[in-house]
Amino acid sequence: DGIEVGEPLMLARAGAEGAALGVCMGPGPSQVTCTILPHGVQVIDVHTSSTKKSWALRGRRPILPAAVVGNGERLVLACDDNSLISWKYTETDVNKGTTLNADAASAVKFLLVDPHFAGVVLVSQNGKVRAMSGDLKTELCSTSLHLPKGASVLFAELVPLQDKAGAGRAFALVAVTKSGNGKAHHVRVQLTCARGGEEEGGERW
């Protein structure tokens, strides 16, 4: 059977001086979360194009699309002052959330999430990897891609692996890096989380 493509729908408008930074799925089954410059973050229903929730950003500018954590109770955003913000979906003010500050060398380039993990994996430009709880208060584990001098991360994704009974949920962090001479390399790191242990009912790495 073929796939029928319907008419495109306008979900969000950035304005003449704005820009759409990116979109991610959730938190609801028929919702997408749009990060719009300079307005902020909006949750939009794809069936009605109506805005279900929105948050303005005061004094900060996002550098990555907001990520929906786990079952959608929280969102995480990376900003241009090397800070990360985590806030509950029910909150009306982003500034009431948790802020995590990073040094310039460890500036986050990728926010990786999975519906079965109540946390977020931060991948920095220098290859540092940190798994954080959804509220950014606890570092669950950390590792490094061991990039050579001058190398950088071009792409990173969290891929769920087969869940072995009693072994916890396993993920592969797949990354594409570029060396100083321009050659691309493929990097794969396996991360495993044990069941239970998180206050929000998620899984711990």
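Refer to the preceding data block for the structure.
About the thresholds
- Residues numbered from 1 in each chain as written.
- Predicted model: local features only at pLDDT ≥ 70, side-chain atom pairs only at ≥ 80, totals over all residues.
- Heavy atoms only, no water.
- Core = buried A, V, L, I, M, F, W, Y, C linked by side-chain atoms within 4.5 Å.
- Buried < 20%, exposed > 50% of the residue type's maximum accessible area, 1.4 Å probe, protein only.
- Helix = DSSP H or I, 4+ residues; strand = E, 2+ residues; numbered from the N terminus.
- Pairing = 2+ DSSP bridges.
- Axes fitted to C-alpha atoms, helices over the stretch in contact; angles between N-to-C directions.
- Phe/Tyr/Trp six-rings, centres within 6.5 Å; stacked < 30°, edge-to-face > 60°.
- Lys NZ or Arg CZ within 6 Å of the ring centre and 35° of its normal.

Ranked by size, the top nonpolar core spans 19 residues in total, and within it Leu112, Val121, Val123, Leu145, Val153, Ala156 and Leu173 carry the most contacts. Elements with a minimum of two residues in this core: β9 (108–114), β10 (117–124), β11 (128–133), β13 (152–160), β14 (169–178) and β15 (184–197).

Spatially, β9-β10-β11-β12 is the arrangement adopted by the four strands of the open sheet, whose pairing is antiparallel. Each edge of the open sheet carries a strand with a single partner, namely β9 and β12 (139–144). Going across the sheet, the axis of each strand differs from the next one's by a mean of 20 degrees, ignoring polarity.

The subject of this paragraph is the packing of aromatic side chains. Within the structure shown, the criterion is met by two aromatic pairs. Geometrically, the ring pair formed by Trp55 and Trp87 is edge-to-face, given 5.5 Å between the ring centres and 70 degrees between the ring planes. Within this pair, whereas Trp55 is found in strand β4 (residues 51–56), its partner Trp87 is found in strand β7 (residues 83–88), the two being separated by 32 residues in sequence. With respect to burial, Trp55 and Trp87 carry one shared label: buried. Centre to centre, the rings of Trp55 and Tyr89 are 5.9 Å apart; their planes meet at 70 degrees, and the pair counts as edge-to-face. Residue Trp55 is located in strand β4, and its partner Tyr89 is located in the loop between β7 and β8 (98–101); the two are separated by 34 residues in the primary sequence. The lysine or arginine in question, Lys53, covers the ring of Tyr89, its NZ or CZ lying 5.5 Å from the ring centre.

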